[in-house]
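Overview (structure and organization)
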Amino acid sequence: MNRAVFLIDMQSFFASVEQQRYQLSPGEPLVVSGDPSRPSGVILAACPIAKQAGVQNGERLREALLKCPSLTVVPPHMQDYIDYSLQITELLEDFTDRVEPYSIDEQFLDVSGSEYLFGSPETIALQIQEKIMEKLGLYSRIGIGENKVLAKMACDTFAKKNSRGIFTLHKNSLSQELWPLPIEKLFRAGKKMSRNLRLRGVQTIGDFAAMEAEQVRSIWGIHGQVLWMNAHGIDYSPVALNTLGGRKAIGNGMTLPGEYAEEEDIRTVALELCEEVCRRARKSFVTGNTVSLGVSGTEGGFHRQRTREEATNITMEVFQTVTELLELHWDGTPVSRLHVSLSSLSPDNGLQLSLFEPPEVRTGRHQLGFTMDKLNEKYGRTSVMRASSLLKKAQAKERAAKIGGHYK
Ligand SMILES: [Mg+2]
């Protein structure tokens with residue numbers, strides 16, 4: 001498997017949190033309903049025991065009580081669910097920083113590269129399950145695949161139904177595992193699209209996968225094409241870094257070989273730092289709204305930030321904000337250290353769009369950054385550089401040499 005992506009889903013999340021709040025045993029049936037005193041209220045969540053008795057989400061409380069008279073009915077406590085959700089994210093971040101909350105009770109995780117620390121993907125999944133149970137008392141199910149679509153389908157279609165609550169959907173076994181399933185089981189197919197597909201004789205995911213790509217595109221356009229790729233287990237969307245609360249930042253600092261007093265020299269180095277910060281942001285598929293600049297020397301310094309209207313990971317845009325900060329706050333005293341960071345991070349939607357649109361649709365500068373990164377990765381850090389990095393006071397070339405081509 002190229003990558004190891006997990007989709008972690010909490011079983012009966014709201015109901016399980018409530019069972020703890022009211023200290024009920026898992027054997028006592030419980031439902032969450034907007035107003036427990038109103039029989040016409042709707043069931044928002046039901047615990048597994050209530051579900052076994054036939055209670056369904058969305059039905060009236062009155063009907064649920066007929067099926068299961070011993071029901072405990074409680075109102076929702078949204079803040080509790082959010083708190084639990086954040087705690088789950090924190091637990092998951094012990095395994096990798098690549099955690100993406102997908103819904104309140106589902107999170108994507110990319111553990112590629114964590115194998116050395118924690119073992120095989122299935123071993124990691126087991127550890128995660130145990131940890132969430134131990135710390136929060138919640139039972140989780142985990143789907144594993146080499147991308148988000150496979151992980152999601154592994155969870156919904158298989159892990160939720162087997163006894164371990166863990167399932168790996170391998171790309172090379174799709175024809176046996178996934179393709180016999182009804183088309184409705186295809187992730188993101190939706191009711192309308194599924195009906196549409198069935199009208200054209202597509203009953204199973206395999207029927208859809210067997211269609212010609214061009215035909216799919218001509219009938220259903222880009223949406224159909226993406227779904228068709230999903231049926232083949234193809235999905236390029238990255239697991240974005242967790243950005244809840246915007247507490248993460250990407251920053252890079254540099255201690256200069258001497259004190260710089262010329263604005264031009266400081267700008268040269270600042271641009272190199274912006275390039276590094278943005279390269280790391282692009283690598284993590286995130287963009288940021290807030291740009292910070294820290295400048296210090298023997299005679300003083302400052303640390304200021306400015307929030308841009310649009311999130312970015314385009315080097316020249318971050319540099320523009322850094323230049324503004326420099327012009328506003330630098331008093332002209334010599335500088336020996338600079339620091340640039342990007343925060344208020346969010347997923348790079350421009351990049352996600354690349355799944356649906358040809359690259360030329362993306363803005364040139366956005367694309368340029370990725371192209372430069374690719375060239376540098378392939379041919380070495382100094383293969384493509386800004387001309388300003390050839391100036392005398394520039395640092396990027398030297399730094400690249402010093403750290404063996406790896407920026408850290
Ligand atoms: Mg769930």
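Here goes a summary of the coordinates provided. Along each chain, the written sequence defines residue order, and numbers are assigned to residues from 1. Per-residue local features of the predicted model are confined to residues with pLDDT of at least 70, and side-chain atom pairs are confined, for both listing and counting, to 80 or more; whole-chain, interface and lining totals are unaffected and use all residues. Computation of side-chain values covers all heavy atoms of the structure but excludes hydrogens and water.

1. Side note on the pattern of salt bridges
- Salt bridge, as applied in this entry: a Lys or Arg side-chain nitrogen positioned within 4 Å of an Asp or Glu carboxyl oxygen. Taken as a whole and assessed by the stated rule, the structure comprises 18 salt bridges.
- The partner of K152 in a salt bridge is E106, and the shortest N-O contact between them spans 2.6 Å. Taken together, the positions of K152 in helix α7 (residues 148-159) and E106 in strand β6 (residues 106-110) put the pair 46 residues apart, joining distant regions of the chain. E106 shares its class with K152; the two are buried.
- The partner of R282 in a salt bridge is D373, and the shortest N-O contact between them spans 2.6 Å. One end of the pair, R282, is in helix α12 (residues 263-283); the other, D373, is in helix α15 (residues 364-379), with 91 residues separating them in the sequence. Helix numbers and strand numbers start at the N terminus; a helix is a DSSP run of H or I with at least 4 residues, a strand a run of E with at least 2. Only protein chains enter the accessibility calculation, which uses a 1.4 Å probe. A residue is then buried if its area is under 20% of the maximum for its type, exposed if over 50%, and partly exposed in between.

2. Examining the side chain of N289
- Here N289 lies in strand β10 (residues 286-297).
- On the basis of relative accessible area, N289 is assigned to the buried category, the value being 18%.
- Contacts of N289, omitting those with residues within four sequence positions, involve R306, T307, R308, E309, E310, A311, S343 and S344. Contacts are residue-level and defined by heavy atoms, with any inter-residue pair within 4.5 Å sufficient.

3. A few points about the packing of helix α1 (residues 13-21) against helix α4 (residues 78-92)
- At their nearest, the axes of α1 and α4 sit 10 Å apart, and the two run at 105° to each other. If you check the angle between α1 and α4, you find them roughly perpendicular. On α4, the residues that touch F13, F14, V17, E18, Q20 and R21 of α1 are M78, D80, Y81, Y84, S85 and I88.
- Its residues assigned to classes, the contact of α1 with α4 shows seven nonpolar, two polar and three charged. A fitted line through C-alpha atoms serves as each axis, taken over the contacting stretch for helices, and the angle formed by two N-to-C directions is quoted from 0 to 180°. When describing relative orientation, an angle under 35 degrees is termed roughly parallel and one over 145 degrees roughly antiparallel, while 65 to 115 degrees is termed roughly perpendicular and anything else oblique. Side-chain classes are defined by residue name, with Ala, Val, Leu, Ile, Met, Phe, Trp, Tyr, Cys and Pro counting as nonpolar, Asp, Glu, Lys and Arg as charged, and the others, Gly among them, as polar.

4. Things to note about the sheet that holds strand β12 (residues 335-347)
- Two strands make a pair as long as DSSP finds a minimum of two bridges between them. The antiparallel open sheet is built from four strands, whose spatial order is β9-β12-β10-β11. Looking at the sheet topology across the chains shown, the edges are occupied by β9 (249-260) and β11 (300-312). Strand-to-strand twist across the sheet, computed as the mean angle between neighbouring axes with direction ignored, equals 15°.
- Bridge analysis of β10 against β12 gives ten bridges, and the strand direction is antiparallel. Note that in β12 the partner of T290 across the bridge is S343.
- Strand contacts of helix α13 (residues 315-329): β10, β11 and β12, with the helix running at about 145° to β11, the strand carrying the most contacts.

5. Here we look at the packing of aromatic side chains
- When the centres of two rings from Phe, Tyr and Trp lie within 6.5 Å, Trp using its six-membered ring, the rings pair. Their planes under 30 degrees apart give stacked, over 60 give edge-to-face, and anything left gives tilted. Per the counting criterion, the structure on display carries eight aromatic pairs.
- Cluster of aromatic residues (ring-pair linked, three or more members): F13, F14 and Y81.
- Stacked on the ring of F108, the Lys or Arg K148 has its end atom at 5.2 Å from the ring centre. By definition here, charges over rings are those cases where NZ of Lys or CZ of Arg is within 6 Å of the ring centre and within 35 degrees of the ring normal.

6. Focus on the sheet that holds strand β5 (residues 99-103)
- Strand order in the open sheet formed by five strands is β5-β6-β1-β7-β8, and the pairing between neighbours is mixed. The outermost strands of the open sheet, each flanked by one partner alone, are β5 and β8 (166-168). If you compare each strand with its neighbour and ignore which way they point, the axes differ by 20° on average.
- The strands touched by helix α6 (residues 121-136) are β1 (5-10), β6, β7 (140-145) and β8; relative to β7, the strand with the most contacts, the crossing angle is about 160°.

7. Some thoughts on a nonpolar patch on the surface
- A surface patch of nonpolar side chains, amounting to about 230 Å² of accessible area, comprises M78, I82 and L86.
- Take L86: it is sitting in helix α4.
- Under the relative-accessibility criterion, L86 is labelled partly exposed at 31%. Surface patches are drawn from residues lacking salt bridges whose relative accessible area is over 30%; two like charges belong together within 9 Å, two nonpolar side chains (Val, Leu, Ile, Met, Phe, Trp, Tyr) within 5 Å. Here the Shrake-Rupley method, with its probe set to 1.4 Å, supplies the accessible areas, and only the displayed protein chains count as covering residues.

8. Looking at the pairing of β1
- Burial analysis of β1 places six of its six residues in the buried class, the great majority of the element.
- Alternating residues of β1 divide into V5, L7 and D9 and F6, I8 and M10, and every residue in both groups is buried.
- Two elements, β1 and β6, share five bridges in a ladder whose sense is antiparallel. Note on β6: the bridge partner recorded for V5 is D110.
- With six bridges joining them, β1 and β7 adopt antiparallel strand pairing. From the neighbouring strand, F6 faces β7, where its bridge partner is I144.

9. So, a negative patch on the surface
- This count recognises Lys and Arg as positive and Asp and Glu as negative, with His and chain-terminal groups excluded. Just so you know, the charge point we use is NZ for Lys, CZ for Arg, CG for Asp and CD for Glu. Together, E262, E263, E264 and E327 make up a region of like negative charge exposed at the surface.
- Following the sequence through the fold, E262 ends up in the loop between β9 and α12.

10. Quick look at the packing of α12 against α13
- Packing of α12 against α13 leaves a shortest axis separation of 9 Å and a crossing angle of 140°. Between α12 and α13, the angle falls in the class oblique. In this structure, α12 meets α13 at a crossing whose hand is right-handed. Mapping the contact onto sequence places E263, I266, R267, A270, L271, C274, E275, C278 and R282 in α12 and T315, M316, V318, F319, V322, T323, L326 and E327 in α13.
- Taken together, the residues of the contact of α12 with α13 sort by class into ten nonpolar, two polar and five charged. Crossings are assigned a handedness: left-handed for a near helix turned anticlockwise from the far helix by less than a right angle, right-handed for a clockwise turn.

Geometric descriptors of this kind do not, in isolation, establish any biological role.
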